[in-house]
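Take a look at the letters that make up each chain.
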Amino acid sequence: MTTERKAPTCVDRRTTIKWLAATMVAANTGCSSSTKFLGDEIPAAPNAEKALLGVAATPSNVGYGTDPDLINPVVPWPRTMTDAQLRTAATTCDMILPADDQSPAASAVGVPDFIDEWVSAPYEQQQHDRELILGGLEWLEQQSQSHFGTTFSSANGNQAAELLDSIAYPDTAAAGNDKLIEFFRRFRYLTVGAYYSTEAGIKDIGYIGNVPISGDYPGPSTEAMAHLAGVLDELGLSLPS
Amino acid sequence: MKNERYDAVIVGSGAGGGMAAWVLASKGLRVLMLEAGRDYNPYDETPMFAAPRDAPLRGTGTPDKPFGFYDATVDGGWQVPGEPYASAPGSEFMWWRSRMLGGRTNHWARNSFRMGPYDFKPRTRDGLGVDWPIEYDDLAPWYDKTEAIVGVYGRNDGLENHPDSSPGVLHKPPAPRVSELLIQAGCHDLDIPCVPARRAILTRPIGDRSACFYATDCGRGCSIGAAFQSTTSLLPMALATGNLTIMTNAMVYEVRLDDKGKADGVNYIAKNTGKHEVASGRTVVLAASSGETARILLNSKSALFPDGAGNSSGQVGQNLMDTVGAAMRAQFPLLENRPAYNEDGAMGLHMYIPFWLYQEQARGELDFKRGYHYEFGSIGRREPGVGLGEVATFAGGYGRSLKEDMRRYYGSFLSFVCRGEMIPNAGSYCEIDPDTKDRWGIPTLRFHFKWSENELKMVRHFQETTAQIIDRLGGRLQGSVASPQQSISRGGEIIHEVGTARMGDNPDSSVTNQFGQTWDINNLFLSDGSVFASKAHKNPTLTIMALAWRSSDYLAEQLRTRAL
Ligand SMILES: Cc1cc2nc3c(=O)[nH]c(=O)nc-3n(C[C@H](O)[C@H](O)[C@H](O)COP(=O)(O)OP(=O)(O)OC[C@H]3O[C@@H](n4cnc5c(N)ncnc54)[C@H](O)[C@@H]3O)c2cc1C
Ligand code: SF4
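This text gives an overview of the structure that appears in the document. Predicted model, so just to flag it, every value in this text is computed and none were measured.

1. Focus on the side chain of Thr92 of chain A
Residue and element names in this part refer to chain A.
And then number 1: Within the secondary structure layout, Thr92 lies in helix 2 (residues 83–96).
And then number 2: Judged by relative accessible area, which is 0%, Thr92 ranks as buried.
And then number 3: Here the side chain of Thr92 touches Thr88 through a polar contact of 2.8 Å, landing on its backbone oxygen.
And then number 4: Non-local contacts of Thr92, meaning those with residues more than four positions away in its chain, are made with Leu137, Leu140, Phe152, Leu164 and Phe187.

Okay, structure coming up:
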């Protein structure tokens, strides 16, 4: 069973511009300290065709309904992001969760595809995130092209980091960058959530469970209890006898 | 079967309906159960071990499935397609329903606390609300029987107004997790009890139902039968007697009355054909959940009962109550980087904080009446889903340091959840909405809801106490503490709605007697939360079932002695 929903809005460069308009007002009134990435080179009246990352397909308005098959789950809506958007997303994901000696980078376990699944879903929250995320990715690309003369995915590490730093740290980010800060926070939230629910992510973070136990639940391990004893000691607490 | 006249026609297959069906069928009565939802088979349909990553959006809740993709709710949630409800201007009420065999028992959290002696006599104690027509001791034997058949883990701690069960009834509670032990130690220092929770989960097998194997999310349902749901216990047991017939996709809209004003059965819509049908019975038992039962009564208008069946007191729809909800979340530096072990356990609560200030309250030292208990959320290192993104928001930044921070902070958060008693008030009730009908043409409900000062003061007390506990454990509160008005849950949000056809001693001010038998129509019984005269802070379902059993025993006896 499916439910009809109102057609979601198509996010294009105009959305990005709306935010930028807001940030530029802030910049012009002088309340911003670092205006480097506030994009004064953006054309005054861009249109969708000029979006640097291309225009994502219009999302479907069909969800999985109120009685989906839980044993054989399917995602009924098609992905909508362009290749260029996915590339930019992959670069951003991998900056958030790069490979290290314990686990692979986010793009190696399908996180960009999950972002695409998410922003292509017909539900209100996901449509809200779609505007934020596609707009944010386009913004990263614009900034990279105008300041570094290269796409965000081929910018060098320092350049890309300089750009991300301007929106990743709310305390030091330029005033007026609120929407971009929100973009980054949300993008990181989804990247992290998607990553740690993969097999590689679960292993990295050390979730142990989802395995049947016969007999009583054993409770904390000896090491865990020893650790707790140290904690209680530090707090001057004890368990009731 | 169309023409068969049953001994009892039961409407609804959840906690109340399931219990009534089993008790009546096992006494040899011929029972027909009508359920608005579809047939549901938990043995085939429960995605026990399915990983979040295999579900759309990693299983995150959506308007189609508000509590997540795998949640055992069919065609429901805060909205049921084609079956609207409204909140009156100035009120906001949320109504969780599901349309499946077994109703909401398929996914409830299974927290099962007995009401105590004070809870049945609240007016005697503090002059507010009304007393129940029974005392704790009247229901105690049915609590024992219900716990024995349902299967409840817990421990007898001999606490004031938190009754012990009879010896041998409770299943052994699972061992506490590290974070629960930490809370317990902090509470011990603050003179607050923290004891094993009681949940309708088997830790030893009963018949075909296995003991919990501590691995799968109970909200998806439990195909091994360890977590109680009517579809793996009461309904199969009732069917095995050969005396129960279940009809699903049957949407009941009114109680039929004969010319003497007795119930004669119900009218329903067969959803598959859209046809209006009749089911006839010597008695009718409504257990469609508090809201729906009130709706059916109010929609059963006749010359004899122009305001609805059973409603000559005018109390049907009144006295709507939900549980007081609030929550605070904190991060605990001392829980960072702790040794990993399997913290799934029985998924939900192993420990909880029962209300502990009865003496202080009796001495007038508290500025609120009634009590609340604590439940805990995000207990430990649980299976990661999208929500783990919160930890990254907490940690901030990105890159390799974020990966290290994730390892460090995972499992170091805890939520403290308030579950409190609401006192009935004149501003909280439901009524038939004059303007709206559902897809079957049945008039729908409109809810009015407001909290009173008492509930807000209770939330304030919870906030202050929680701040103390967090502080004692060296925790860092997440987010700021909003005013009680802003922090308190919305009406219905805790999904413990009860009271819409309360029981009492007096036909002028109550809808049923102590057996759920309506004063107006003596062969019409109510067997769900609608009959609650007050809403203790204790989660209602165990009490719904104990009352349903007691009521069914009485009904059967009345039929046997031909009093009906
Ligand atoms: C997520 C969640 C967690 C919960 N946790 C707890 C907990 O820990 N402890 C606790 O005590 N309670 C809990 N509850 C509440 C608990 O689920 C309910 O109190 C309990 O299920 C109520 O039982 P009931 O029989 O009245 O209604 P339900 O279980 O809702 O069953 C009613 C049935 O009647 C059917 N029906 C409705 N209208 C009609 C009609 N017109 N014709 C025919 N059939 C109809 C419905 O489809 C449904 O199947 C929780 C609820 C939710 C949603
Ligand atoms: S944790 Fe136990 S009771 Fe809950 S669903 Fe899993 S096996 Fe069933």
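Structure shown, so let's carry the discussion forward.
2. A closer look at helix 6 (residues 178–189) of chain B
And then number 1: Helix length check: helix 6 of chain B (twelve residues) gives 17 Å between terminal C-alpha atoms against 16 Å at 1.5 Å per residue, within 8%.
And then number 2: Within helix 6 of chain B, ten of the twelve residues are buried, which leaves it mostly tucked inside the rest of the structure.
And then number 3: Within helix 6 of chain B the residues assigned to the buried category are Val178, Ser179, Glu180, Leu181, Leu182, Ile183, Gln184, Ala185, Gly186 and Cys187 of chain B.
And then number 4: Lining the buried residues of helix 6 of chain B we find helix 8 (222–235) of chain A together with strand 10 (351–352), strand 11 (372–377), strand 12 (413–420) and helix 12 (453–472) of chain B.
And then number 5: Looking one or two residues beyond helix 6 of chain B, the residue adopting positive phi is Asp191 of chain B, at roughly 60°.

3. Concerning the site of ligand 1
All names here are of chain B.
And then number 1: Taken together, 37 residues lie near ligand 1, and Glu35, Arg104, Asn111, Val252 and Thr541 sit nearest.
And then number 2: Glu35 is positioned such that a nitrogen or oxygen atom in its side chain is 2.6 Å from an oxygen atom of ligand 1.
And then number 3: At 2.8 Å from a nitrogen atom of ligand 1 is found a side-chain nitrogen or oxygen belonging to Thr541.
And then number 4: When the free accessible area of ligand 1 is taken as 990 Å², the share hidden by the protein chains comes to 95%.
And then number 5: Taken together, the elements giving at least two residues each to the shell around ligand 1 come down to helix 1 (15–26), strand 6 (250–257), helix 8 (290–299) and helix 14 (541–560).

4. Some remarks on the interface of chain B and chain A
And then number 1: In this complex, chain B contributes 79 residues to the contact, which on the side of chain A involves 80 residues.
And then number 2: Of the roughly 6800 Å² buried at the junction of chain B and chain A (both faces included), carbon and sulfur atoms supply 63%.
And then number 3: Applying the counting criterion to the chain B and chain A interface returns six salt bridges.
And then number 4: Note that Asp100 of chain A is salt-bridged to Arg407 of chain B, the shortest N-O span being 2.9 Å.
And then number 5: Where chain B touches chain A, the interface holds 30 residue pairs in polar contact (both at pLDDT 80 or more).
And then number 6: With eight residues, the single largest contributor to the side of chain B that touches chain A is helix 6 of chain B.
And then number 7: Per-class residue counts for the side of chain B that touches chain A are 34 nonpolar, 20 polar and 25 charged.

5. With respect to the packing of aromatic side chains
And then number 1: Scanning all chains against the criterion turns up 45 aromatic pairs over all chains.
And then number 2: Between Trp77 of chain A and Tyr123 of chain A the ring centres are 5.9 Å apart and the planes differ by 90°, which places this aromatic pair in the edge-to-face class. Separated by 46 residues along the polypeptide, Trp77 of chain A in the loop between helix 1 (13–28) and helix 2 and Tyr123 of chain A in the loop between helix 3 (111–119) and helix 4 (124–148) bring together distant segments of the chain. Exposure class is identical for Trp77 of chain A and Tyr123 of chain A. Each is buried.
And then number 3: Consider the rings of Phe93 of chain B and Phe449 of chain B, whose centres lie 5.7 Å apart with planes at 45°: the pair is tilted. In this pair, Phe93 of chain B is assigned in the loop between strand 3 (86–87) and helix 3 (117–120) and Phe449 of chain B in the loop between strand 14 (443–448) and helix 12, connecting sequence segments 356 residues apart.
And then number 4: Overall, Phe93 of chain B belongs to the buried group, its relative accessible area being 3%.
And then number 5: A relative accessible area of 6% means that Phe449 of chain B is categorised as buried.
And then number 6: By way of ring pairs, the aromatic residues Tyr118, Phe332, Phe355, Trp356, Tyr358, Phe368, Tyr372, Tyr374, Phe376, Phe416 and Phe462 of chain B are connected into one cluster.

Definitions and limits used
- Residues numbered from 1 in each chain as written.
- Chains lettered and ligands numbered in written order.
- Predicted model: local features only at pLDDT ≥ 70, side-chain atom pairs only at ≥ 80, totals over all residues.
- Heavy atoms only, no water.
- Helix = DSSP H or I, 4+ residues; strand = E, 2+ residues; numbered from the N terminus.
- Buried < 20%, exposed > 50% of the residue type's maximum accessible area, 1.4 Å probe, protein only.
- Polar contact = N/O pair within 3.5 Å; in protein donor to acceptor, adjacent residues only side chain to side chain.
- Contact = heavy atoms within 4.5 Å.
- Expected span 1.5 Å × (residues − 1).
- Near = heavy atom within 4 Å.
- Areas by Shrake-Rupley, 256 points an atom, 1.4 Å probe, with all protein chains shown as cover.
- Buried area = accessible area lost by both parts, 1.4 Å probe.
- Salt bridge = Lys/Arg side-chain N within 4 Å of Asp/Glu carboxyl O.
- Nonpolar A, V, L, I, M, F, W, Y, C, P; charged D, E, K, R; others polar.
- Phe/Tyr/Trp six-rings, centres within 6.5 Å; stacked < 30°, edge-to-face > 60°.

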